[in-house]
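# Summary of structural features
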Amino acid sequence: MISKILGCILVPFVVLSIMFDPADAQAWNDGDGGKIKWQFDCDFPGNDIGNQRVPGDQCGGLCINTNGCNHFSHFYGVCYLKKASSIPPRKQTSGGGGVCGFLTGRVNPGNRNVKGTFWAEQSDAGGCQMPQGDYVVTDAIALGQSQALGNLKWRQGLCGQVLRIDCGNGPIDAVVASTCNLNSDSCGVDMIGKTWRRATSNKPPGIVDCSVSLTNRNPLNGNDAICYYRPNSETTNNYFVILGVVNTGGRISSSAVAAGVTGRRNNDGWFEFNGSGSPIFQSNSEVVFRYEDGSSSSFRIGNCRNGGQVQIFR
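Calculation notes
Residues numbered from 1 in each chain as written. Predicted model: local features only at pLDDT ≥ 70, side-chain atom pairs only at ≥ 80, totals over all residues. Heavy atoms only, no water. Helix = DSSP H or I, 4+ residues; strand = E, 2+ residues; numbered from the N terminus. Buried < 20%, exposed > 50% of the residue type's maximum accessible area, 1.4 Å probe, protein only. Contact = heavy atoms within 4.5 Å. Areas by Shrake-Rupley, 256 points an atom, 1.4 Å probe, with all protein chains shown as cover. Pairing = 2+ DSSP bridges. Core = buried A, V, L, I, M, F, W, Y, C linked by side-chain atoms within 4.5 Å. Domains from an automatic or database assignment. Disulfide = S-S within 2.5 Å. Axes fitted to C-alpha atoms, helices over the stretch in contact; angles between N-to-C directions.

- If you look the chain up in an unreviewed UniProt entry, it shows as Apple domain-containing protein from Daphnia pulex.

Encoded structure:
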C-alpha cells in the first residue's frame with residue numbers, strides 16, 4: 001500500500017521548517033503523527049536533489065532520512081527527492097498515478113549532537129549477536145541510550161538496523177552490532193576502528209559530535225526480510241527455538257509469535273520460544289514478526305537460516 005509512505009522512518013536526518021497552507025489542509029492526508037502530508041495522483045515538478053529506485057512505501061521515509069529533502073514525488077518505482085523554500089504548486093498528474101508529499105516540520109530533532117566514541121578495532125560476540133551472512137554494510141557501531149539519540153536510543157529492535165552517522169566528515173552507514181553502557185546517558189554511538197577513522201578523518205580516539213538517523217538500508221545482501229536462528233543456538237530442537245528477523249528495510253521489530261507461542265525477548269533482541277514440553281516448532285510451523293509501524297513478516301520455521309557463529313565486523 002502506498003500509504004505506508006507515511007510511517008517508514010521515525011527519526012529525520014535534519015529538522016525541517018517547511019509548513020503547509022492551512023487553507024489547503026483538506027486536500028492532504030496526514031501521516032506519521034502529522035510529520036508528513038501526502039496525496040495520490042499529483043507531482044511537485046522541479047527542485048530535485050536526487051532520486052532513488054525504491055518501492056512507493058519507502059519514498060516518504062527516504063525523504064525524511066535525506067539531508068535537505070522536504071518534499072517528494074514517486075512515479076514508476078522511482079522516488080524523487082526535492083528541496084524548496086516553500087511548498088510549490090502541486091501538479092495533478094494526467095490520467096492519475098503517482099504520489100506527492102511533503103514534510104510538515106513536526107519532527108523530533110533528538111538525533112543531533114550525539115556523542116561519538118571509539119569502541120575497538122572490531123566488534124565482539126556480545127551485544128546484538130548478529131548472524132553470519134553476506135553483509136553489504138560492513139561498518140559497525142555499538143549503540144547506547146544517550147538522550148541525544150531521541151527515538152534512536154537503543155532498544156531491542158534496533159539490533160541489526162543500519163544507522164547513518166555524520167561526524168563532520170560525510171555520512172557513513174553502519175550496522176548496530178552491539179550495545180553500549182545501557183541504562184546510562186553516557187554513550188551515543190561507539191564505533192569500530194575503520195568506522196571511527198572514516199567518520200573522523202583519522203582522528204585519534206576521543207569524543208566527537210555526530211548526527212545519527214535511521215536508514216531503510218538492509219545490512220545483508222538482498223531486498224527481503226530474513227529469519228535467522230540466533231548464532232550458536234540449536235536449529236533442530238522442536239521444543240525450544242531462538243529466532244530473529246534481519247533485513248527489515250528500517251522497520252523495527254516489536255514482537256513475534258511462533259506456532260502460536262509469543263516470544264520472550266532478551267537484551268540481545270532475539271526472541272525465545274518455549275513449547276512447554278511439546279514439540280510444536282516443526283519445519284512447517286509459522287513464525288510472524290511484527291514491527292512498530294504495524295506491518296509484519298511471516299516465515300516457515302524450516303526456512304529460517306542458521307546464524308552460525310556471531311558475525312564479527314572488522
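## Digging into the overall build of the chain
- If you tally the helices and strands in the chain, you get two helices and 22 strands.
- Counting all 314 residues of the chain, 54% fall into the buried class.
- At a minimum sequence separation of 6, the contacts of the chain that also span at least 24 residues come to 74%.
- In the form shown here, the chain has an accessible surface area of approximately 13600 Å², with 44% of it arising from carbon and sulfur atoms.

## Remarks on the sheet that holds strand S21 (residues 286-291)
- Taken in spatial order, the four strands line up as S18-S17-S21-S22 in an open sheet, and their pairing is antiparallel. Each edge of the open sheet carries a strand with a single partner, namely strand S18 (261-262) and strand S22 (296-300).
- Here five bridges tie S21 to S22, and the two strands are oriented antiparallel to one another. Bridging across to S22, Val 288 finds its partner in Ser 298.

## Quick notes on the nonpolar core
- Counting residues in hydrophobic clusters, the biggest one holds 43 residues, and the most contacted among them are Met 130, Ile 141, Leu 143, Leu 163, Met 191 and Phe 313.
- For this core, the element with the highest residue contribution is strand S12 (residues 171-179), accounting for five residues.
- Taken domain by domain, this core gets at least three of its residues from each of domain 2 (111-214) and domain 3 (226-306).
- Of all hydrophobic cores here, the second largest spans 17 residues; its members include Ala 256, Val 287, Phe 289 and Phe 299.

## Structural notes on the pairing of strand S8 (residues 99-103)
- Where burial is concerned, most of S8 is hidden: five out of the five residues are buried.
- Residues Val 99, Gly 101 and Leu 103 point to one face of S8 and Cys 100 and Phe 102 to the other, with burial holding for every one of them.
- Where strand S2 (residues 36-40) meets S8, five bridges bridge the pair, whose relative direction is antiparallel. Across the sheet, Trp 38 pairs through a bridge with Gly 101, a residue of S8.
- Relative to S8, strand S5 (residues 71-75) is paired through four bridges, and the arrangement is antiparallel. In the strand pairing of S8, His 74 is matched with Val 99.

## Focus: the state of the cysteines
- This model, assessed by the stated rule, comprises six disulfides.
- Between the sulfur atoms of Cys 128 and its disulfide partner Cys 159 the distance amounts to 2.1 Å. The disulfide joining Cys 128 to Cys 159 has a torsion of about -75° about its S-S bond and is therefore left-handed. On the criterion of sequence distance, the pair formed by Cys 128 in the loop between strand S9 (114-120) and strand S10 (140-143) and Cys 159 in the loop between S10 and strand S11 (162-166) is long-range, its members being 31 residues apart.

## A short note on the sheet that holds S2
- Strand order across the open sheet formed by six strands is S1-S2-S8-S5-S6-S4, with antiparallel pairing between neighbours. Each edge of the open sheet carries a strand with a single partner, namely strand S1 (29-31) and strand S4 (48-53). For this sheet, the mean inter-axis angle between neighbouring strands, taken without regard to orientation, is 25°.

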